[in-house]
Amino acid sequence: MQQIGPVISSYGIENHGISGASIVRWNYTTPALYEHAIRANEGMLAGGPLVVRTGDHTGRSPLDKFVVEEPSSQTRIWWGDVNRPYPQEKFVDLHRRMLAYLQGRGIFVQDLWAGADPEYRIPIRVITESAWHSLFSRNMFIRPPRSAIGDHEPDFTILQCPGFHADPEIDPTNSTVFIILDLGHRMVLIGGTSYAGEIKKSIFTVMNYLLPLSDVLPMHCSANVGAEGDTAVFFGLSGTGKTTLSADPERTLIGDDEHGWSDRGVFNFEGGCYAKAIRLSEEAEPEIYSTTRRFGTVLENVMIDPDTRELDLDDDSLTENTRAAYPIHMIPNASETGMADHPKNIVMLTADAFGVLPPISKMTAEQAMYHFLSGYTAKLAGTEKGLGDEPKATFSACFGAPFMALHPSVYAEMLGRKIAKHEVDCWLVNTGWSGGPYGVGERMRIAHTRAMVHAALDGSLAGVETRPDPVFGVHVPVSCPGVPDEVLDPRHTWADKDAYDRAALDLAARFQVNFERYEEHVTDAVREAGPKTA
């Protein structure tokens, strides 16, 4: 078995049961991975970025994610639709067959870190059968200095083989795709899918399990910090503007997606960004747009002209979920340390396609816990298979339920405690529709949203008069610098006020039904902090 690369770890590949691979390529750099990816026809070069295809699976496969039932974690896992149990003996058998699959094949190894704070950092190893997935991993996680790789010993290992498929008749899987986490063996097995996001989110799930044991709150959020050291955290599901709003040229970017909040402050889990690329605008998002032209970026399922190699970021013929994966240092004002002080502001983002939530409002700590557990946004018709003509309300606990290893109330309790201890201001921001629902109203102008967020973060809204929203209870400013007053009142923007009232009460009822599953896990004050229907 030939082993080559810039640095080969002393903790060898045989520790993972791999003995018959034809060649092991250790810790290849970006140019070398480009060469191998192009030579193997894994992607196309578009001037700077590497453009790849993920095949049938252009997004995560949540129904194919499992957690092994094993003694060390069995009593702590939030079992159910998010974390489906998988028999330990079946995991061992599947792993054995994956090792057999690798006999005679070449593999790529990247030794990396998850967690910018050295106190809570974990060393990881990502083993892939393709160069572009190795490059993706190198972009997404933190690259240790070369001097640290020689004796790198991973706490968690990902073995990713898209060409290997499960057999549902033998393996208790739902399909030929699988993403299986074994916290006892500290290993993740991924097969049957080339969607690289499964690599990233597997480690996020690991961090969501480990860090609360050290009283660190893992968060599905972006974060940035101002010139005065004022940290802001942005929670939000896909499509709400989490990445866009945190990439602010006037503030230093800590990270765009995954963070921890410890007694020392906030820290990024990653060394890169995984931004949605569909309809990315150079005018509205210049920093992120520029990465789609840079050497080292991996573009997933972005359309490219095979002759001219010109990109079309507006083409969604393969998927709405086109992605750009790039190291965070490509963003000009990114933090060099990935660490910052405790948050001064928390912003919870929602893209309300029903057009009834205020564009910005201030929340009490109890309201923040309620909305954190709710994790509301709306999916639009046409963006996913199976959606009809109307928007669909979506609730994802902690703004990231698919990645929560523990019960959501664990994270909510930690959030509430930290908000109180550090006296954090909390805001609910609707980046969705105004003047009516999707199809009638208009999407909130990004310039208005940026102005509202800036006003919240720089203190301009601190002394502004607010009014309580009669349905949602949050406190709505009556004015905001750079934003017309009429925009701040969602009911005022609707031509049909009765239609607004019906839509607002309908959404409030959906909140209430969703929250029933958490009522026994929260205090009376948090239960009463939600929307009212009467």
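Basis of the calculations
Residues numbered from 1 in each chain as written. Predicted model: local features only at pLDDT ≥ 70, side-chain atom pairs only at ≥ 80, totals over all residues. Heavy atoms only, no water. Helix = DSSP H or I, 4+ residues; strand = E, 2+ residues; numbered from the N terminus. Rg over C-alpha atoms; globule rule 2.2 N^0.38 Å. Buried < 20%, exposed > 50% of the residue type's maximum accessible area, 1.4 Å probe, protein only. Contact = heavy atoms within 4.5 Å. 1 Å grid on protein atoms, 1.4 Å probe; cavity = no way out; pocket = protein on both sides within 12 Å on 5 of 7 lines; lining within 4 Å. Points joined across faces, edges and corners; volume = space filled by probe spheres on them. Nonpolar A, V, L, I, M, F, W, Y, C, P; charged D, E, K, R; others polar. Pairing = 2+ DSSP bridges. Axes fitted to C-alpha atoms, helices over the stretch in contact; angles between N-to-C directions. Polar contact = N/O pair within 3.5 Å; in protein donor to acceptor, adjacent residues only side chain to side chain. Parallel < 35°, antiparallel > 145°, perpendicular 65-115°, else oblique. Left-handed = near helix turned anticlockwise from the far one by under 90°. Core = buried A, V, L, I, M, F, W, Y, C linked by side-chain atoms within 4.5 Å. Disulfide = S-S within 2.5 Å. Salt bridge = Lys/Arg side-chain N within 4 Å of Asp/Glu carboxyl O.

Comments concerning the overall build of the protein
Inference 1: On a plain count of helices and strands, the protein comes out with 13 helices and 31 strands.
Inference 2: Against the compact-globule benchmark of 24 Å for 534 residues, the protein has a radius of gyration of 23 Å, which places it among compact chains.
Inference 3: For the protein, the spread of C-alpha atoms along the three principal axes comes to 70 × 55 × 45 Å.
Inference 4: Within the span of the protein, comprising 534 residues, buried residues form 61% of the whole.
Inference 5: Of the contacts formed within the protein by residues at least 6 apart in sequence, a portion of 72% connects residues at least 24 apart.

Section: the layout of surface pockets
Inference 1: Counted as a void, the second largest pocket has a volume near 320 Å³.
Inference 2: What lines the second largest pocket is a set of 18 residues, among which Ile142, Gly271, Ile328, Ser335 and Glu336 lie closest to the centre.
Inference 3: Residue composition of the lining of the second largest pocket, grouped by class: seven nonpolar, six polar and five charged.

Notes on the sheet that holds strand β3 (residues 43–45)
Strands belonging to one sheet form pairs held by backbone hydrogen bonds; the direction of such a pair is parallel or antiparallel.
Inference 1: Ordered by their spatial adjacency, five strands build an open sheet running β3-β4-β18-β21-β17, and the pairing between neighbours is mixed. Edge positions in the sheet fall to β3 and β17 (272–276), since each of these pairs with one other strand and no more. Averaged over all pairs of adjacent strands, the angle between strand axes in this sheet comes to 20 degrees, irrespective of strand direction.

Section: the side chain of Asn224
Inference 1: The topology assignment puts Asn224 in strand β12 (residues 217–225).
Inference 2: A polar atom in the side chain of Asn224 sits 2.7 Å from the side chain of Arg251.
Inference 3: Beyond its immediate stretch of four places on either side in the chain, Asn224 contacts Asp230, Thr231, Ala232, Phe234, Leu245, Ser246, Asp248, Arg251, Thr252, Leu253, Ile254 and Leu457.

Digging into unusual backbone geometry
Inference 1: The phi dihedral of Cys398 falls on the positive side, at around 65 degrees, and the residue is not glycine.
Inference 2: By the secondary structure assignment, Cys398 is in the loop between β26 (392–395) and α9 (408–422).
Inference 3: On the accessibility criterion, Cys398 (1% relative accessible area) is buried.
Inference 4: For Glu423, which is not glycine, the phi torsion reads 50 degrees and is therefore positive.
Inference 5: Checked against the element boundaries, Glu423 lands in the loop between α9 and β27 (425–430).
Inference 6: In this structure Glu423 comes out as exposed when scored by relative accessible area, which is 68%.

Observations regarding the packing of helix α8 (residues 365–374) against α9
Inference 1: As a packed pair, α8 and α9 sit with axes 10 Å apart at the nearest point and diverge in direction by 155 degrees. Our classification of the angle between α8 and α9 gives roughly antiparallel. Crossing geometry of α8 relative to α9 is assigned as right-handed. For the pair α8 and α9, contact is made by Ala365, Ala368, Met369, Phe372 and Leu373 and by Pro408, Ser409, Tyr411, Ala412, Glu413, Leu415, Gly416 and Ile419, respectively.

Focus: the nonpolar core
Inference 1: Core analysis: the largest hydrophobic core is formed by 110 residues, its most contacted members being Ile124, Phe235, Ile346, Met348, Val356, Phe372 and Phe472.
Inference 2: It is helix α12 (residues 497–515) that provides the largest number of residues to this core, a total of eight residues.
Inference 3: Excluding residues within four positions of it along the chain, Phe235 makes contact with Met219, His220, Cys221, Lys242, Ile346, Val347, Met348, Leu349, Phe372 and Phe399.

Comments concerning the pairing of strand β2 (residues 23–26)
Inference 1: Taking every second residue as pointing to the same face, both faces of β2 are buried, with Ile23 and Arg25 on one and Val24 and Trp26 on the other.
Inference 2: Relative to β2, strand β1 (residues 2–4) runs parallel, the two sharing three bridges. Bridging across to β2, Gln2 finds its partner in Ile23.
Inference 3: Both β2 and strand β7 (residues 106–114) contribute to a ladder of four bridges, which runs parallel.

Re helix α1 (residues 30–39)
Inference 1: For α1, the set of buried residues is Thr30, Ala32, Leu33, Tyr34, His36 and Ala37.
Inference 2: Looking at the buried side of α1, the elements it contacts are β2, β3, β4 (50–52), β7 and α3 (131–140).

Quick word on the state of the cysteines
Inference 1: One pass over the full model with this rule turns up zero disulfides.
Inference 2: Just so you know, Cys398 is unpaired, no disulfide at all, and the nearest cysteine sulfur is the one on Cys221, 12 Å from it.

What to know about the pattern of salt bridges
A side chain with one charge can pair with a side chain of the opposite charge if their charged atoms come near.
Inference 1: Counted by the stated rule, this structure contains 22 salt bridges.
Inference 2: With its nearest N and O atoms 3.2 Å apart, the salt bridge here joins Lys200 to Glu258. Of the two residues, Lys200 sits in helix α5 (residues 197–210) while Glu258 sits in strand β15 (residues 258–262), which places them 58 residues apart along the sequence. In this pair, the class of Lys200 matches that of Glu258, namely buried.
Inference 3: A salt bridge links Arg491 to Asp501; the nearest nitrogen and oxygen atoms lie 2.8 Å apart. Placement of Arg491 in helix α11 (residues 490–493) and of Asp501 in helix α12 is noted, with a sequence separation of 10 residues between them.
Inference 4: When its relative accessible area of 33% is taken as the criterion, Arg491 is described as partly exposed.

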